[in-house]
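Structure at a glance
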2 protein chains.
Amino acid sequence: MKYSASKEDYLKAIYHLQEGQSVVTTNALAAALQAKPASITDMLKKLKKEKLLNYERYKGFRLNNEGKKVAVHIIRKHRLWEYFLVNKLQFGWDEVHEIAEELEHLSSKKLVDQLDAFLEYPATDPHGDPIPDSQGRFIQERQVSLLDYPLNKMAKVSGVASQTKEMLDLLQHKNIQIGTRLEVKRKFPFDNSLELKIRNQPTITVSELVAKNVMVKDE
Amino acid sequence: MKYSASKEDYLKAIYHLQEGQSVVTTNALAAALQAKPASITDMLKKLKKEKLLNYERYKGFRLNNEGKKVAVHIIRKHRLWEYFLVNKLQFGWDEVHEIAEELEHLSSKKLVDQLDAFLEYPATDPHGDPIPDSQGRFIQERQVSLLDYPLNKMAKVSGVASQTKEMLDLLQHKNIQIGTRLEVKRKFPFDNSLELKIRNQPTITVSELVAKNVMVKDE
DNA sequence: ATTTATTTTTAGATTTGCCTAAAAATATAT
DNA sequence: ATATATTTTTAGGCAAATCTAAAAATAAAT
Ligand SMILES: [Mn+2]
Ligand SMILES: [Mn+2]
Ligand SMILES: [Mn+2]
Ligand SMILES: [Mn+2]
């Protein structure tokens, strides 16, 4: 089946929203897609008719297996193209999202798989998010927010929860990127800000909001 | 300005059709785009309102300078992506056209220019057609049909006039591609077929129709 | 110069994806 | 439990891009 770019964006957004949540609401999706709730309801009816999600009016909705499969495939394409843009075309990690937002809708199956091979089957995209394989399988790394990480223990930055341009800009400025190794040296309960140490660099401070959105793994 | 994929396809098709012709007709464009004449008329009104072409009802039409500029930029993207697909992603030259037909509509200026740099500024696409530079300049090679080429003179295949999948398939089978060096050994006036010799390969025969569509240059 | 054929345009519909404004259902607060 | 607020859906419309069928203009043939 081939779906419109718009439908694919809906499926992708629902997929992300339903992580954790038991059910996704019309308003939440409207906010995520920057659209009006009435438009969401319209599209939900179509997606339901196409058997991509479960939906009863006024009761929220959730992708079924078929919907999830499609969503994961879009996510695979999005992340592969982001990897391509950063690692082959010299883009910064903070400027690839919008372009990948278009590239993810290309429909050729062979294109994606050849791209994957050309890139040598990367495991994660430039933001640290895992790239599903052609079967849709991927490991969801158990990563934890820097805010909850113990003091004086080496951590490796593995992802960024909020991927706005502003956030990525700020991290770039503070020399934090995917793979950066750092330790939390101090936590200030007053404002929940943190002091971080990266080897060979002066100590830096990040706010609670930043720390919450930086995901790390051990080591 | 940003134009819809549909409008870009119209501009590109008109650009190709108006080569030679003094004016393009509604039916010719309908045939090229596989659409109904009524749809063409609708779109012509819109493109005229956007000042991309000259059009008076019942009198045919032609791109103006602005329309040509847009068309050439789409063609640049189309050919760069074809080059990428063949030379980086291992596609055959006969399977890239449809995919490039989608890729050519990506709007990021930086994407095209970085791709161009990554590919090291190729001069021609996999079918031998010249790739315009970022200013829209390109050399239209003076190439001649193999049908009109003299006997026993070394020629280099530089392009293919008819780029249907069937034609490209046939050339592939006969081991003819862009850059292939060959000589015309004999012409049979009965059916205008040709006998060709490629070094280290047995002599082959091509029909008048094939020869007419194979473009060559000296050397 | 008429008639006939062809080309092109208009008129009116359809589909997709979005919107605003109003109505209906559900949730919250008193 | 009732009133109030919030969420969600419906009703009706709009713009883009296409189509079919009919009308109008142009071209070709007698
Ligand atoms: Mn998208
Ligand atoms: Mn990403
Ligand atoms: Mn196209
Ligand atoms: Mn080409």
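Quick caveat, the model's predicted, so the values are computed rather than measured.

To continue, consider the coordination of the manganese ion (ligand 4). All names here are of chain B. Taken together, Glu82 (OE), Asp125 (OD) and His127 (ND1) make up the full set of protein donors to the manganese ion (ligand 4), lying 2.1 to 2.4 Å away. On the primary sequence, the residues serving as donors to the manganese ion (ligand 4) are separated as E-x42-D-x1-H. Within this pair, whereas Glu82 is found in helix H4 (residues 65-87), its partner His127 is found in the loop between helix H6 (109-118) and strand E3 (144-145), the two being separated by 45 residues in sequence.

Donor atoms from the polypeptide that coordinate the manganese ion (ligand 1) comprise Asp9 of chain A (OD), Glu101 of chain A (O), Glu101 of chain A (OE), Glu104 of chain A (OE) and His105 of chain A (NE2), at 2.0 to 2.4 Å from the metal. Glu101 of chain A sits in the partly exposed class, given a relative accessible area of 22%.

Moving on, we come to the packing of aromatic side chains. Scanning the entire structure with this criterion turns up nine aromatic pairs over all chains. Between Phe84 of chain A and Phe118 of chain B, the aromatic rings sit 6.2 Å apart at their centres with planes inclined by 85°, giving edge-to-face as the arrangement. Note that Phe84 of chain A is positioned in helix H4 (residues 65-87) and Phe118 of chain B in helix H6, a pairing that runs across two chains. Pair check on accessibility: Phe84 of chain A and Phe118 of chain B agree, each one buried. The ring centre of Phe91 of chain B lies 5.0 Å from the NZ or CZ of Lys110 of chain A, which sits over that ring. A cation over a ring is seen here: Lys88 of chain B above Phe118 of chain B, with NZ or CZ 4.7 Å from the ring centre.

Residues and elements named next belong to chain A. Following both chains from N to C, one finds helix H1 (residues 5-18) and helix H2 (residues 26-33) inclined at 120°, their axes separated by 10 Å at the closest point. If you check the angle between H1 and H2, you find them oblique. Crossing angle aside, the handedness with which H1 passes H2 is right-handed. In contact with Asp9, Tyr10, Ala13, Ile14 and Leu17 of H1, H2 contributes Ala28, Leu29, Ala32 and Leu33. Class assignment for the residues of the contact of H1 with H2 results in eight nonpolar, no polar and one charged.

Our focus in this paragraph is the protein's contact with DNA strand C. In the vicinity of DNA strand C, 22 residues are found, and the nearest of them are Ser4 and Ser39 of chain A together with Asn27, Thr41 and Tyr55 of chain B. Counted by atom, the contact set of DNA strand C within 4 Å of the protein is 73% sugar and phosphate. The backbone of Lys36 of chain A places a nitrogen or oxygen atom 3.2 Å from a phosphate oxygen of DNA strand C. Contact between DNA strand C and Ser39 of chain A: a phosphate oxygen at 2.3 Å from a side-chain N or O atom of the residue.

Before going further, it helps to examine the domain arrangement of chain A. Residues and elements named next belong to chain A. Each assigned domain of chain A is listed with its residue range as follows: domain 1 (5-63), domain 2 (78-140) and domain 3 (144-218). Computed from C-alpha atoms alone, the centre-to-centre distance between domain 2 and domain 3 is 25 Å. At the junction of the two partners, domain 2 supplies six residues and domain 3 supplies 12 residues. Both faces considered, domain 2 and domain 3 share a buried interface measuring about 780 Å² in area, 53% of it formed by carbon and sulfur atoms. Of all residues in domain 2, Trp93, Asp94 and His127 give up the largest surface area on contact with domain 3, accounting jointly for 75% of the area buried on that side. Run the count over domain 2 and domain 3 and you get one salt bridge. Across the pair Lys165 and Asp94 runs a salt bridge, and its minimum N-O distance is 3.3 Å. Across the domain 2-domain 3 interface, the total number found is two residue pairs in polar contact (both at pLDDT 80 or more). Looking at the side of domain 2 that touches domain 3, its residues break down into two nonpolar, two polar and two charged.

Residues and elements named next belong to chain B. If you trace the six strands from one edge of the open sheet to the other, you get E3-E8-E4-E5-E6-E7, paired in antiparallel fashion. Of all the strands in the sheet, just E3 and strand E7 (204-206) have a single pairing partner and so form its edges. Here strand E5 (residues 181-188) pairs with strand E6 (residues 193-198) via six bridges, running antiparallel. Opposite Leu182, over in E6, you have Ile198 as the bridge partner.

Parameters and conventions
As a convention, each chain's residues are numbered from 1 in the sequence order in which they are written. Working convention: letters from A go to chains and numbers from 1 go to ligands, in the order in which they are written. Residue-level local features of this predicted model are given only where pLDDT is at least 70; pairs of side-chain atoms are given and counted only at 80 or more, and the full residue set underlies all totals for whole chains, interfaces and linings. Excluding hydrogens and water, the side-chain figures rest on all heavy atoms present in the structure. Metal donors were taken as nitrogen, oxygen and sulfur atoms no farther than 2.8 Å from the ion, or 3.2 Å where the ion is Na, K or Ca. Water is excluded, so coordination may look unfinished. Strands here are runs of E lasting at least two residues and helices are runs of H or I lasting at least four, both read from the DSSP assignment and numbered beginning at the N terminus. We call a residue buried when its accessible area falls under 20% of the maximum for its residue type, exposed when it is over 50%, and partly exposed in between, using a 1.4 Å probe and counting protein chains only. Side-chain rings of Phe, Tyr and Trp, where Trp is taken by its six-membered ring, are said to pair if the distance between their centres is within 6.5 Å; with planes under 30 degrees apart they count as stacked, over 60 as edge-to-face, and otherwise as tilted. Both a distance and an angle decide whether a charge sits over a ring: NZ of Lys or CZ of Arg must be within 6 Å of the ring centre and within 35 degrees of the ring normal. To get an axis, fit a line to the C-alpha atoms, keeping to the stretch in contact for a helix; angles then go from 0 to 180 degrees between the N-to-C directions. In this scheme, roughly parallel covers angles under 35 degrees and roughly antiparallel covers those over 145, while 65 to 115 is roughly perpendicular and the rest are oblique. By convention the crossing between two helices is left-handed if the near helix lies anticlockwise of the far one by an angle smaller than a right angle, and right-handed if it lies clockwise. A contact between two residues is defined here by any heavy atoms of the two lying within 4.5 Å. For this scheme, ten residues count as nonpolar: Ala, Val, Leu, Ile, Met, Phe, Trp, Tyr, Cys and Pro. Four count as charged, namely Asp, Glu, Lys and Arg, and the remainder, Gly too, count as polar. Near is defined per residue: the residue qualifies when any heavy atom it owns lies within 4 Å of the molecule or strand. Nitrogen and oxygen atoms within 3.5 Å of one another constitute a polar contact, given that in protein one can donate a hydrogen and the other can accept it, and given that sequence-neighbouring residues count only through two side-chain atoms. Annotation comment: domain bounds sourced from an automatic or database domain assignment. Buried area adds together the accessible area that both of two parts lose upon being put together, with accessible area traced by a 1.4 Å probe. The working definition used for a salt bridge is a side-chain nitrogen of Lys or Arg within 4 Å of a carboxyl oxygen of Asp or Glu. Only when DSSP finds a minimum of two bridges between them are two strands counted as paired.

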